[in-house]
Amino acid sequence: MSSLCNEVTLVTVSYNSAEVLPNHIASLRNSTDNKVPRWIIVDNASTDNTDALLADSNDIEQFKCKDNLGFGAACNVGIDASNTPYVLVLNPDTELSYDAIAALLAEMKKTGAAVAGPALEIEEKQITEEVGWIVGAVMLFDKTLMAPIGYFDERFFLYREDVDLCKRVRDAGLKVIHCKGINIPHVGGGSTPRSKKLLKFVNFHKGRSYALFALKHKRGAEVIDLYVKKNRRRMLFACFSFGAARYVRAKAKLDGVASVATNCKS
């Protein structure tokens, strides 16, 4: 397993994630006596104490972004800085183990996949299957296979960047695999607490990314129209049911859709 350090670079993207980063980092350190692979944490202009938390971590490189670039763009920063044949992209609220990373890499090599992901909840089934897409919380890439495709489309600030990337991989005739017998739990709670402002922000990008994906992959204006009508109905229902949060979510999604130029090109 000592070769893992020569083969894989870890890239964690953080944003106000100081609450979960210590466990994320410790989970890997505590799982092995081996040296951990090169580890890059790309921080999206956090305003919490992430900087202080990482200051004494000599085995971790912090790339500090001046602005919040979004998940995909920050992943690309770390991927571009990696110098190994494989790169593992991570959310900061995942629990790692050396053996799980090694097993995921072994399964990727065995199947010849370009992208591989583990089970994000404890899964007993020892099954690896080819899938349409995997969640971006943990994604292992074969950089040689990915070179002609590229990585995350930076127009997707949040949401659907993983779906878009996996679709492009499959369109190129390459494999995306889900390794259900390899567990890297995604425990959640990796960023700032929910507030009305954050609720608007998150749902704005859900709507924007939905429209971007539909336009990019030529799903048709009717798909977006149905999405818009659904969220207008949600707003109307919220007005009569005093569902303030539901109204905010639906309105923000519509604003996100409206922000996308109709001439978006792939």
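Above this note sits the structure.
Keep in mind that what you see is a predicted model, and the values were worked out from it rather than measured. Within each chain, residues carry numbers counting from 1 in the order of the written sequence. Per-residue local features are limited, in this predicted model, to residues with pLDDT of at least 70; the limit for side-chain atom pairs, both in listing and counting, is 80 or more; totals at the level of whole chains, interfaces and linings are taken over all residues. To obtain the side-chain values, all non-hydrogen atoms of the structure were used and water was disregarded.

Read from one edge to the other, the open sheet built from eight strands follows the order β3-β2-β1-β4-β7-β5-β8-β6, with strand pairing classed as mixed. The open sheet has two edge strands with one neighbour each: β3 (60-64) and β6 (128-130). Neighbour-to-neighbour, the strand axes of the sheet open up by a mean angle of 25 degrees, direction not taken into account. A strand pair is defined by DSSP finding two or more bridges across the two strands. Secondary structure elements follow DSSP: runs of H or I of four or more residues count as helices, runs of E of two or more count as strands, with numbering from the N terminus. Sheet topology places strand β1 (residues 8-14) next to strand β4 (residues 86-90); five bridges connect them, and they run parallel. When the bridges of β4 are listed, V8 appears paired with Y86. Strand contacts of helix α5 (residues 98-111): β1, β4, β5 (115-119), β6, β7 (138-142) and β8 (176-183), with the helix running at about 145 degrees to β8, the strand carrying the most contacts. Note on method: axes are straight lines fitted to C-alpha atoms, helices fitted across the in-contact stretch only, with angles between N-to-C directions ranging 0 to 180 degrees. Working rule for contacts: check all heavy atoms of both residues, and any pair within 4.5 Å makes them a contact.

Attention shifts here to the pattern of salt bridges. Whenever Lys or Arg places a side-chain nitrogen within 4 Å of a carboxyl oxygen from Asp or Glu, that contact is recorded as a salt bridge. Taken as a whole and assessed by the stated rule, the structure comprises 13 salt bridges. Between R29 and D59 there is a salt bridge, and its shortest N-O distance comes to 2.5 Å. Within this pair, whereas R29 is found in helix α2 (residues 21-29), its partner D59 is found in the loop between α3 (50-54) and β3, the two being separated by 30 residues in sequence. Close ionic contact of E130 with R170 constitutes a salt bridge, the shortest N to O distance being 3.7 Å. Of this pair, E130 sits in strand β6 while R170 sits in helix α7 (residues 161-171), and the two are 40 residues apart along the sequence. For every residue, the accessible area (1.4 Å probe, protein chains only) is compared with the maximum for its type, and the residue is labelled buried under 20%, exposed over 50%, or partly exposed between those bounds. Using a relative accessible area of 37% as the deciding quantity, one classes R170 as partly exposed. The network of salt bridges with common partners includes D153, R155, D164, R168 and K216.

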